[in-house]
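For reference, the chains in residue letters:
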Amino acid sequence: MISGGVVLRILIVEDEETISAFLQKGLREEGFVVDSAKDGNEAIRLSSSNPYDVIILDVLLPIKNGFEVCSELRASGNHTPVLMLTALDSVDERVKGLNTGADDYLVKPFAFKELLARVNALLRRPRESFDRVLRVSDLSIDTVSHTVKRGDKEIELSPKEYRLLEHLARNAHQVLSRTQIAESVWDQDFFSDSNVVDVYIRYLRKKIDDPFPTKLINTVRGFGYKLG
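Brief notes about the pattern of salt bridges
And step 1. Under the counting rule described, the total for this entry stands at 16 salt bridges.
And step 2. When the shortest N-O distance is used, the salt bridge between Glu72 and Lys64 registers 2.7 Å.
And step 3. The class for Glu72 is partly exposed, based on a relative accessible area of 33%.
And step 4. Via salt bridges that share partners, Glu14, Glu16, Asp58 and Lys108 belong to a single interconnected network.

Dropping the structure here:
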């Protein structure tokens, strides 16, 4: 889904392949960018390296269950809205899910129409202030209004330039390969002969680096790029 020119990204954490495939297909048809994980550890890894707008989280997962995943995310400072999706329908289980930090709880079997309505309701909620502004040196990125500034100077970016910059900022001081960037920002398999990442890095540099004495986007030869 595109909101204000920005593609919204969802992580589905579900080990039942039929349900996962059904959700991925339905949400992509609605315009969302969708990633998937099959166990708790993979969910933690993807959530730590990608900025998601909503996480749909099953409870009965291999390695770490959904309650453990949600608790770990919240403890690490990740406050992405979480919709728990599970066959556990007792009141105690629902309360446990909400107490671990989930924002909503949907019981299987479910209608896709209801799941979509709940996802959209979570997207309409205002994001918390600690998750709103990303800062790297004198660069600030307001993830709600999508306002980008260096110092007091506002910088206009295209939707894709913004998405790339936000991804770099959420992984500030970490080296990201071209493949990682392409798969996260463009939601596509990366072909080695594609230069789309390099092209957009150049676009960003012209806007957020060239006019300023301190350069923030660094090339790490043989590996990729890092911000900061």
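On we go from here.
Side note on the nonpolar core
And step 1. Residues Leu165, Ile181 and Leu227 are the most contacted members of the largest nonpolar core, which totals 27 residues.
And step 2. Elements with a contribution of two residues or more to this core: β8 (133–136), β9 (139–142), α6 (159–170), α7 (178–185), α8 (196–209) and β14 (224–227).
And step 3. Within the second largest apolar cluster, 20 residues are counted, among which are Ala43, Leu57, Phe67 and Val82.

Description of the domain arrangement of the protein chain
Quite often, the size of an interface is put as the accessible area lost when its parts meet.
And step 1. By domain assignment, the protein chain separates into domain 1 (9–124) and domain 2 (133–227).
And step 2. Here domain 1 and domain 2 have C-alpha centroids that lie 27 Å from each other.
And step 3. With 9 residues of domain 1 at the interface, the matching set in domain 2 holds 8 residues.
And step 4. Both faces considered, domain 1 and domain 2 share a buried interface measuring about 600 Å² in area, 37% of it formed by carbon and sulfur atoms.
And step 5. On inspection of domain 1 and its partner domain 2, the count reaches 0 salt bridges.
And step 6. Our count for the domain 1 to domain 2 interface comes out at 1 residue pair in polar contact (both at pLDDT 80 or more).
And step 7. At the level of elements, β4 (33–37) and α2 (40–49) are the ones that each hand at least two residues to the side of domain 1 that touches domain 2.
And step 8. The greatest single-element share of the side of domain 1 that touches domain 2, amounting to 3 residues, is contributed by β4.

A short note on the sheet that holds strand β6 (residues 82–86)
And step 1. Spatially, the 5 strands line up as an open sheet ordered β4-β3-β5-β6-β7, and their pairing is parallel. On the outer flanks of this sheet lie β4 and β7 (104–107), each paired with one strand and no other. Ignoring strand direction, the axes of neighbouring strands in this sheet form an average angle of 20°.
And step 2. Where strand β3 (residues 9–13) meets β4, 5 bridges bridge the pair, whose relative direction is parallel. Within β4, the position partnered with Ile10 by the bridge is Val34.

Focus: α8
And step 1. Taking 1.5 Å as the rise per residue, α8 with 14 residues should run 20 Å; its terminal C-alpha atoms sit 19 Å apart, in good agreement.
And step 2. When α8 is considered as a whole, its buried residues turn out to be Val196, Val197, Asp198, Val199, Ile201, Leu204, Ile208 and Asp209.

Quick notes on the layout of surface pockets
And step 1. Counted as a void, the second largest pocket has a volume near 260 Å³.
And step 2. Around the second largest pocket, the lining comprises 17 residues; the ones closest to its centre are Leu46, Asn50, Gln180, Glu183 and Ser184.
And step 3. For the lining of the second largest pocket, the elements supplying multiple residues, two or more each, are β4, α2 and α7.
And step 4. Within the lining of the second largest pocket, the residues separate by chemical class into 4 nonpolar, 7 polar and 6 charged.
And step 5. Residue-level mapping places the lining of the second largest pocket at the junction of two domains, with at least three residues from each of domain 1 (9–124) and domain 2 (133–227).

Quick word on the UniProt feature "modified residue: 4-aspartylphosphate" (unreviewed entry) in the protein chain
And step 1. Following the UniProt record, the feature "modified residue: 4-aspartylphosphate" (unreviewed entry) maps to Asp58 here.
And step 2. Residue placement: Asp58 occurs in strand β5 (residues 54–58).
And step 3. Among all residues touching Asp58, those that are not within four sequence positions of it are Val13, Glu14, Asp15, Gly66, Leu85, Thr86 and Lys108.

Side note on the sheet that holds strand β11 (residues 153–155)
And step 1. Strand order in the open sheet formed by 4 strands is β8-β9-β10-β11, with antiparallel pairing between adjacent strands. Edge positions in the sheet fall to β8 and β11, since each of these pairs with one other strand and no more. Each adjacent strand pair in this sheet contributes to an overall mean axis angle of 25°, direction not counted.
And step 2. The pairing of β9 with strand β10 (residues 147–150) spans 4 bridges and is classified as antiparallel. In the strand pairing of β10, Ile141 is matched with Val148.
And step 3. Most of the contacts of α6 go to β9, to which it runs at about 115°, and overall it touches β8, β9 and β10.

Definitions and limits used
Residues numbered from 1 in each chain as written. Predicted model: local features only at pLDDT ≥ 70, side-chain atom pairs only at ≥ 80, totals over all residues. Heavy atoms only, no water. Salt bridge = Lys/Arg side-chain N within 4 Å of Asp/Glu carboxyl O. Buried < 20%, exposed > 50% of the residue type's maximum accessible area, 1.4 Å probe, protein only. Core = buried A, V, L, I, M, F, W, Y, C linked by side-chain atoms within 4.5 Å. Helix = DSSP H or I, 4+ residues; strand = E, 2+ residues; numbered from the N terminus. Domains from an automatic or database assignment. Contact = heavy atoms within 4.5 Å. Buried area = accessible area lost by both parts, 1.4 Å probe. Polar contact = N/O pair within 3.5 Å; in protein donor to acceptor, adjacent residues only side chain to side chain. Pairing = 2+ DSSP bridges. Axes fitted to C-alpha atoms, helices over the stretch in contact; angles between N-to-C directions. Expected span 1.5 Å × (residues − 1). 1 Å grid on protein atoms, 1.4 Å probe; cavity = no way out; pocket = protein on both sides within 12 Å on 5 of 7 lines; lining within 4 Å. Points joined across faces, edges and corners; volume = space filled by probe spheres on them. Nonpolar A, V, L, I, M, F, W, Y, C, P; charged D, E, K, R; others polar. UniProt positions renumbered as here; feature names shortened; annotations may be inferred.

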